[in-house]
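So the chains spell out like this:
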Amino acid sequence: MFTIALLIWTLIMGMDFAISPEGMLFPRESETREILRLDGIWNFAVSPMLDPLVGFRQYWYKNDLSKIDGLEVHLMPVPSSYNDITTRMDIRDHVGLVWYDRTVFVPESWAKEKRVVLRFSSVSYAAQVWVNGKLAMNHEMGHLPFQKDISPLLNFGGSNRITVACDNTLLQDTVPQGAVREANTDQGKKLVQSYTFDFFNYAGIHRPVVLYTTPLVYIDDITVRTDVSGTTGLVFYSIGYLLNNNVTCIVILLDKFGNKVAGADGFGEGALKVPDANLWWPYMMHSEPAYLYTLQVELRNIQGELLDIYRQPIGIRTISWTNTSLLLNNRPVYFHGFGRHEDADIRGKGLDLPTAIRDHNLIRWVHGNAYRTSHYPYADELMDLADQFGIMIIDECPSVDTDAFSYRLLEKHKDSLSELYRRDKNHPSVIMWSIANEPRTQTETAGQYFGEVAKHIKELDDTRPITIAIARGVNEDKSGFHLDIISFNRYNAWYQSPGRLDMIVGNIVDEATAWHKKYNKPVLISEYGADTMAGLHILPDYIWSEEYQVGVLSDHFKAFDKLRAKGWFIGEFVWNFADFKTAQTYTRVGGNKKGIFTRDRQPKAGAHHLRKRYSLLSAELYNISIPSDLYQYLALPVARDEL
């Protein structure tokens, strides 16, 4: 039964319907492009645990799921994780295949000299997609988009059915890794998924699904790199399209008001000079942060007629680094930010724009300037928000707790970074790549493995530094030689010496110093914190209480200020921004509670405390005003008579 339930892996390896390595431009409407959004209510069915092959044997992909005799069909919102939508434990904890379908009307006008592309922004973990009963594409890797031109499969001017088989199974050669075993239960044998990472393995169609059109001659990809010379911004561009002597590529750079500031035409490669350029700065580092230009790319024929047009937001900025600093636009950066998760009640990892906006508003309220996309790539829409809000991003691929290194795992790991780079390369907010979280880096094999991973991402992009959120001890780690920035996760007074607030400062200072001494590279702490039950108050400070979280934060702040004085410590990332769901375990009460905000985004005492820290840091580093509501009114000063 185990191998049968994992049929989708066999299909992925055996079929020639994999996604070709093409551009992954975010779908944007224009004069030449249309979008049809497929979010909404889809049909949903679960493959029976004892007969996982039934959907293939009965050709579910050739029929409307709701019309298949005997099949229990649910209504499922897309995007969302399916796990928490129903009231069924067996659906929440299902291991293996689930099925989605819906119908969509495709207009007749789209049949004329157009490509029609079906794009999924994320299906976790693996997916196969059929259109009108014919296999269109498959994809392995959650959290990243995939797409295909499905024009030959469509009924133009009629109804079309899209069917998706989604597999949430994690194995030793998936990214991230997991294991599956058979277990005897009161209802018979079932598959049980296990994994070592500390967040719930949500699954489903997590992000938007769209149909979009392009002309037959179209812009496939845009790559932008920027530099600064004095006050002049330099925009180096490379446009991917089918080269044709009868097609001219025109590039126009527009400021935020839509005014042309530079332009060129030719065959898609070149550089633009922008006098007195407005640079992209993070929130608080400049009076006009997050300045975005628009790179307008046009394809025209020899008669000057418009063939295709795409508008790519870009920011002009530079990144460089030394053995002590990371510099943005030649100014040293000090990160004061968060580890996060894409996680919310009911919808799981499904894209939720109100929550996304709330989160970024809370980040600015706390005066944070950065976050890591722990432990996987976040939605395109969140990356756009980071560009617009001026929040710096450490962009992390989905490799977490990496172990049992193999060639097959290595190739998938590199694929995840290729897909991540292809999607996020033009975001000015992406300051650094994180190639793994808490891998087992203590062996020589691990050192060789991450040497290959680091080499791969450097070949794709040498303009950004790379890091790993390291959990192993400094004396045993073998990965740091391959990195530009050393990041480490450490939980003093929690996993180490729980309850001992007097064992934080010295340990943090000593360990960070040892990391810098070993590798002679900048160091930041990528995780620290303590689980906290909102509303639990104990005096004196006691583990799990709000007072204890504040105490843990305060003693880390003391250590960080000692380290900042050394000149090579460049950042502090609290774990976590908000509480999040995990696998069921007796060490977790309803999930991980290390958030400074609750899962419904309300502040604990730690949030107010961290806001004071980050506000005072911002006043010191950027000379900005301290918020007027940072300290509440207490009393007028008391005048005392001289004795």
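Residues numbered from 1 in each chain as written. Predicted model: local features only at pLDDT ≥ 70, side-chain atom pairs only at ≥ 80, totals over all residues. Heavy atoms only, no water.

Visitor: Could you give an account of the pattern of salt bridges, with specific residues and numbers?
Guide: This structure, assessed with the given rule, holds 46 salt bridges. Residue E72 pairs with R88 through a salt bridge whose shortest N-O separation is 2.9 Å. One end of the pair, E72, is in the loop between α3 (54-57) and β3 (74-78); the other, R88, is in the loop between β3 and α4 (89-92), and 16 residues separate them in sequence. Overall, E72 belongs to the partly exposed group, its relative accessible area being 45%. A residue is classified by how much of its surface remains accessible, and R88, at 29% relative accessible area, is partly exposed. The salt bridge involving D173 is made with K412; its shortest N-O contact spans 3.9 Å. With D173 in the loop between β10 (158-167) and β11 (179-185) and K412 in helix α7 (residues 407-424), this residue pair connects regions lying 239 residues apart in the sequence. (Salt bridge = Lys/Arg side-chain N within 4 Å of Asp/Glu carboxyl O. Helix = DSSP H or I, 4+ residues; strand = E, 2+ residues; numbered from the N terminus. Buried < 20%, exposed > 50% of the residue type's maximum accessible area, 1.4 Å probe, protein only.)

Visitor: Can you tell me about α7, naming the residues and giving the values?
Guide: Relative to the 26 Å expected for 18 residues at 1.5 Å per residue, α7 spans 26 Å between its end C-alpha atoms, a close match to the ideal helical length. Buried residues dominate α7, accounting for 13 of its 18 residues. (Expected span 1.5 Å × (residues − 1).)

Visitor: Break down the confidence of the model for the chain for me, citing the residues and quoting the values.
Guide: Atomic detail in the predicted coordinates should be set aside for any region of low pLDDT. Looking at the chain, pLDDT values average 94 and 96% of them are 70 or higher. For the stretch residues 1-7, pLDDT sits under 50, and the model shows 20 contacts to residues farther than four places along the chain or on other chains. Below pLDDT 50 for its whole length, residues 9-19 participates in 30 contacts with residues either more than four positions away or in separate chains. (pLDDT = per-residue confidence, 0-100. Contact = heavy atoms within 4.5 Å.)

Visitor: Which residues make up the nonpolar core, and what values go with them?
Guide: Residues F338, Y371, I435 and L610 are the most contacted members of the largest nonpolar core, which totals 89 residues. Among the elements that take part in this core, helix α10 (residues 546-564) stands out by supplying seven residues, more than any other. Mapping this core onto the domain boundaries places at least three of its residues in each of domain 1 (26-215) and domain 3 (333-622). Beyond its immediate stretch of four places on either side in the chain, L610 contacts F338, V366, Y528, F557, V574 and I596. In this structure, V116, L118, V164 and A203 belong to the second largest nonpolar core, which totals 31 residues. (Core = buried A, V, L, I, M, F, W, Y, C linked by side-chain atoms within 4.5 Å. Domains from an automatic or database assignment.)

Visitor: How would you explain the domain arrangement of the chain if you had to name every residue and give the values?
Guide: The assigned domain composition of the chain is domain 1 (26-215), domain 2 (219-314) and domain 3 (333-622). With centres defined by C-alpha atoms, the gap from domain 2 to domain 3 works out at 33 Å. If you look at the interface, domain 2 gives 15 residues, while domain 3 gives 23 residues. When domain 2 packs against domain 3, close to 1600 Å² is buried across both sides, 61% of that on carbon and sulfur atoms. Counting the surface domain 2 buries against domain 3, the share from its top three residues, W280, Y283 and M284, is 43%. Here D221 ties to K425 by a salt bridge, and the two come within 2.8 Å at their closest N and O atoms. In this structure, the connection of domain 2 to domain 3 is made through nine residue pairs in polar contact (both at pLDDT 80 or more). (Buried area = accessible area lost by both parts, 1.4 Å probe. Polar contact = N/O pair within 3.5 Å; in protein donor to acceptor, adjacent residues only side chain to side chain.)

Visitor: With reference to specific residues and values, describe the packing of aromatic side chains.
Guide: Remark: the centre distance and the inter-plane angle together describe each pair of aromatic rings, the angle taken between the planes. In the structure shown here, the tally under the stated rule is 35 aromatic pairs. On the numbers, 4.6 Å between centres and 10° between planes, the contact of Y61 with W130 is stacked. Taken together, the residues Y61 in the loop between α3 and β3 and W130 in strand β7 (residues 126-131) connect sequence positions 69 residues apart. Its relative accessible area of 12% is what places Y61 among the buried residues. By relative accessible area, W130 is classed as buried at 4%. Plain terms: the ring middles of Y491 and Y495 are 5.1 Å apart, the flat faces sit at 75° to each other, and that makes the pair edge-to-face. A residue is classified by how much of its surface remains accessible, and Y491, at 6% relative accessible area, is buried. With a relative accessible area of 44%, Y495 lands in the partly exposed category. (Phe/Tyr/Trp six-rings, centres within 6.5 Å; stacked < 30°, edge-to-face > 60°.)

Visitor: Explain the pairing of strand β17 (residues 247-254) to me, and be specific about the residues and the numbers.
Guide: Extensive coverage of β17 is indicated by the burial of six of its eight residues. Across eight bridges, β17 lies against strand β20 (residues 293-301) in antiparallel orientation. Bridge pairing links I252 to Q296 in β20. Relative to strand β18 (residues 260-266), β17 runs antiparallel, the two sharing six bridges. Each residue of the ladder has a partner; that of L253, found in β18, is A262. (Pairing = 2+ DSSP bridges.)

Visitor: Describe the sheet that holds strand β19 (residues 269-274), naming the residues involved and giving the relevant values.
Guide: If you walk across this open sheet you meet the three strands as β15-β16-β19, and the pairing is antiparallel. One side of each edge strand has no neighbouring strand; the edge strands of this open sheet are β15 (221-229) and β19. Taking each pair of neighbouring strands and ignoring which way they run, the sheet shows an average axis angle of 20°. Pairing of strand β16 (residues 232-240) with β19, which is carried by six bridges, proceeds in the antiparallel orientation. When the bridges of β19 are listed, S238 appears paired with E269. (Axes fitted to C-alpha atoms, helices over the stretch in contact; angles between N-to-C directions.)

Visitor: Kindly report on the sheet that holds strand β1 (residues 35-37), identifying the contributing residues and their values.
Guide: Across the sheet, four strands lie side by side as β1-β14-β5-β9; this open sheet has antiparallel pairing. Two strands lie at the open edges of the sheet, namely β1 and β9 (146-149), each paired on one side alone. Taken pair by pair, the neighbouring strands of this sheet meet at an average axis angle of 20°, ignoring direction. By the bridge criterion, seven bridges tie strand β5 (residues 114-120) to strand β14 (residues 209-215) in an arrangement that is antiparallel. Residue pairing in the sheet places L118 in a bridge with L211 of β14.

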